[in-house]
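Structure at a glance
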Number of protein chains: 2
Amino acid sequence: MLKYNEEKERQSVKGALALRPEINKIVDQVCQDGYKNILWLGIGGTWASCLQVEVRMKEKSSLNFFCENAAEYLATGNKKVGPGTICIISSVTGTTQEMVDGVKAVKEAGAKVLGFIDKADAELAKDVDWCISYPVNEQLKFFMVADRFMYNNGEFPEYEDMYQNFETYLPDALVSVAKQADSFAQKFVDEHSDDPLHYFVGAGSLWGGIYSYGMCFWEEMHWRKTKTVRSPEFFHGFLEIVDKDSNVTVFVGEDSQRCLSERVAKFLPRICGRYTIIDTKDYDLPGIKPEYRYAVNHQVMRTITNRIDVHMEKKNCHPMEIRRYYRRVEY
Amino acid sequence: MLKYNEEKERQSVKGALALRPEINKIVDQVCQDGYKNILWLGIGGTWASCLQVEVRMKEKSSLNFFCENAAEYLATGNKKVGPGTICIISSVTGTTQEMVDGVKAVKEAGAKVLGFIDKADAELAKDVDWCISYPVNEQLKFFMVADRFMYNNGEFPEYEDMYQNFETYLPDALVSVAKQADSFAQKFVDEHSDDPLHYFVGAGSLWGGIYSYGMCFWEEMHWRKTKTVRSPEFFHGFLEIVDKDSNVTVFVGEDSQRCLSERVAKFLPRICGRYTIIDTKDYDLPGIKPEYRYAVNHQVMRTITNRIDVHMEKKNCHPMEIRRYYRRVEY
């Protein structure tokens, strides 16, 4: 397959799952010492990941948790942040200004920070209270933290069984998804690489991934116009501009909000001639227990979109690492 | 001016402000009886209004408050909702299915509901615990509730002075804004009525209004394609697809997040040839104290966009009350 290193992908997920003892040591200590609330802080793509984990926590937890966009937090503040707040962040480079300033601000307010900072020698890695450095797999890291907090709060009895299931089967299952998705991805790109505008629709724990896929991948990396729409909001205004020539892709996931995207997927063919439904349920996950599929649907989606990306990059002759403005001009 | 009934607009705002004693009677009783948290519940445009009031409350309040999209809440739930939750909603018709079901669900969870339901004889008006019926002015109603909760919590010492200032001057000030904005609105429409895609950018208490303006007005009522972007997110991916032919309008407000939109407004001219900056600060609000302008910047914005709408409607020969699908087909 084009630009696909099967073993590298397998090891990447395996290594991320292996962070769990290191994560649990921190979370367990926090829970033992006591804490007031949990803040997921991000900007751009990392804010989107916060939105994903927020849905999972809403499904299960009565813990006090919330998300903040770092720039908005810096401007407006949030009086919930203070001593006893545990802030979780992720940063690849450790140099994103809003995150550097955001960490300073929450610490000044009295919060403690757990940072997943890929670059272990970044300044930011010294500013946080606990740092874990391991490449990519951002959502998986966030979910491992959230799930442990909920387990410790008695809200996730199947936690151990689920992660044992993932450790045994997930790395291979995602490789399998990549293979299942590849020919679809190529056809999708053949059909949509020149779209003047592409709509991505979805909900639940996929929503953050969809928001980020439109903005950080199609816009930032492919230079292609997108709009992302939450599934329930599709029916409250947006639908009026959909017609036979609209390019609309609906991602249907497997968590509590599946029904919201199914509703769009069911209605869309009546009004749209260029629609695509990507349902994570259509992909085999060998070994993964059916009852845990919801918890990895975002990784199935990401694996599929990764295949779309490599074909887009080739078809459009546009290397994904090119930036016009981002970190190239002052703003 | 085209389709503008000055006296009707003036009386509309005046009448909304006159709801305050009725609102305060309810809020004061709730505060006296005690409550656990405040839920702002909406869908589509009313969810957007919830996002607006959430920013105001973050600026000032340590109260426990949060927003939910009604459809997402119905699918996923939220364990914060229970006895002691005060839920606030707004509905013009009282018949939006997600809101009817949402009110049922929060009440089953033990919450009490304050509903602004324009149609006093709607079924929904009977389902809520307290109903106030007065046409439009949704955001103003929400802000009056939020501000009273914060005042009662000792977080808004200037509350009385501010509302006295608004009652004396706001109705006329907004009429004045409409007049100040009209020729700009006509020019804007002349330039942008045929845009293949229009971007609206903004932040703070304007953000919900911008989201709703793109989706409920341009998409739903004008059948024009839009994308709305939060100001801080502009710099995290989206900017890569902006070039000299992109149509980008930035709304700059006057609250705590003004700086986030100013940053976009400052950078945009370097990369975009068809940009518009709409700064609420450029509009005179005769009699309104400078320190309270932030609290009505969303109404200044709405007054300006109302003028854009009437000119769009005329130029595009597209009556704003037409719907293709919304409430016309089953979905």
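All values derive from a computational prediction rather than experimental measurement.

When chain A is fitted to chain B, the best match, at an RMSD of 0.0 Å, comes from turning it 180° and sliding it 0.0 Å along the axis. Taken together, the rotation angle and the small translation identify this as a two-fold axis. Closest approach to the rotation axis among the C-alpha atoms of chain A is made by Lys227(A), whose C-alpha sits 2.9 Å away. Counting the interface residues of chain A, we find that 100% of their copies in chain B are interface residues as well, pointing to one common contact surface.

The interface is formed by 62 residues belonging to chain A together with 62 residues belonging to chain B. Approximately 5,600 Å² of surface area, both sides summed, lies buried where chain A meets chain B, with 53% of it carried by carbon and sulfur atoms. Together, His236(A), Glu240(A) and Tyr325(A) form the three largest contributors to the area buried by chain A at its contact with chain B, with a combined 14%. Applying the counting criterion to the chain A and chain B interface returns eight salt bridges. A salt bridge links Lys58(B) to Glu68(A); the shortest N-O distance between them is 2.8 Å. Broken down by secondary-structure element, the contributors of at least two residues to the side of chain A that touches chain B are helix 3 (45-60), strand 2 (65-69), helix 4 (70-76), helix 9 (207-219), strand 7 (226-230), helix 10 (231-234) and helix 11 (258-271) of chain A. When residues of the side of chain A that touches chain B are assigned to their parent elements, the largest contribution, six residues, is made by helix 11 of chain A. Considering only residue class, the side of chain A that touches chain B consists of 26 nonpolar, 14 polar and 22 charged.

The subject of this paragraph is the pairing of strand 9 (residues 274-279) of chain B. Remember that side chains alternate between the two faces of the sheet whenever the strand is regular. Residues and elements named next belong to chain B. Here six bridges tie strand 8 (residues 247-252) to strand 9, and the two strands are oriented parallel to one another. Its bridge partner lying in strand 9, valine 252 is registered against aspartate 279. Where the polypeptide runs from strand 8 across helix 11 (residues 258-271) and back to strand 9, its parallel neighbour, the crossover connection is right-handed.

Residues and elements named next belong to chain B. At cysteine 317, a position not held by glycine, the phi torsion is positive, near 50°. As for its position among the elements, cysteine 317 is in the segment after helix 12 (297-315). Non-glycine residue arginine 327 carries a positive phi angle of around 60°. Turning to its location among the elements, arginine 327 is positioned in the segment after helix 12. Arginine 327 sits in the partly exposed class, given a relative accessible area of 46%.

Further remarks concern the sheet that holds strand 3 (residues 85-91) of chain A. Residues and elements named next belong to chain A. Sheet architecture is open: five strands sit in the order 2-1-3-4-5, paired in parallel fashion. Only two strands of the sheet have a single neighbouring strand rather than two, namely strand 2 and strand 5 (130-132). Averaged over neighbouring strand pairs, the angle between their axes works out to 20° when direction is ignored. Looking at chain direction, strand 3 and strand 4 (residues 112-117) are connected through six bridges and run parallel. Opposite isoleucine 86, over in strand 4, you have lysine 112 as the bridge partner. With respect to the sheet, helix 7 (residues 138-152) is in contact with strand 1 (37-42), strand 3 and strand 4, its orientation differing from that of strand 3 by roughly 165°.

Residue and element names in this part refer to chain B. Under the counting rule described, the total for this entry stands at 48 aromatic pairs over all chains. With 5.4 Å between their ring centres and 65° between their planes, phenylalanine 200 and tyrosine 213 make a pair best called edge-to-face. Of this pair, phenylalanine 200 sits in strand 6 (residues 198-202) while tyrosine 213 sits in helix 9 (residues 207-219), and the two are 13 residues apart along the sequence. Residue phenylalanine 200 shares its accessibility class with tyrosine 213, and that shared class is buried.

In terms of nonpolar packing, the biggest core is built from 186 residues, with Trp40(A), Phe166(A), Phe234(A), Trp40(B), Phe166(B) and Phe234(B) touching the most fellow members. Sequence-distant contacts of Phe166(A), that is, excluding residues within four places in its chain, are made with Leu17(A), Pro171(A), Ile288(A), Tyr292(A), Ala295(A) and Val296(A).

This next bit is on the pairing of strand 8 of chain B. Residues and elements named next belong to chain B. In terms of residue burial, strand 8 counts as a mostly covered element, since six of its six residues are buried. The pairing of strand 6 with strand 8 spans four bridges and is classified as parallel. Residue pairing across strands places phenylalanine 200 opposite threonine 249, the latter belonging to strand 8.

A residue-level look at chain A finds 100% of positions with pLDDT of 70 or above and a mean pLDDT of 98. Across the assembled chains, the prediction reports ipTM 0.98 with pTM 0.98.

Conventions used here
Residues numbered from 1 in each chain as written. Chains lettered and ligands numbered in written order. Predicted model: local features only at pLDDT ≥ 70, side-chain atom pairs only at ≥ 80, totals over all residues. Heavy atoms only, no water. Least-squares fit on C-alpha atoms with pLDDT ≥ 70 in both. Contact = heavy atoms within 4.5 Å. Buried area = accessible area lost by both parts, 1.4 Å probe. Salt bridge = Lys/Arg side-chain N within 4 Å of Asp/Glu carboxyl O. Helix = DSSP H or I, 4+ residues; strand = E, 2+ residues; numbered from the N terminus. Nonpolar A, V, L, I, M, F, W, Y, C, P; charged D, E, K, R; others polar. Pairing = 2+ DSSP bridges. Right-handed = clockwise from strand over helix to strand, strands pointing away. Buried < 20%, exposed > 50% of the residue type's maximum accessible area, 1.4 Å probe, protein only. Axes fitted to C-alpha atoms, helices over the stretch in contact; angles between N-to-C directions. Phe/Tyr/Trp six-rings, centres within 6.5 Å; stacked < 30°, edge-to-face > 60°. Core = buried A, V, L, I, M, F, W, Y, C linked by side-chain atoms within 4.5 Å. pLDDT = per-residue confidence, 0-100.

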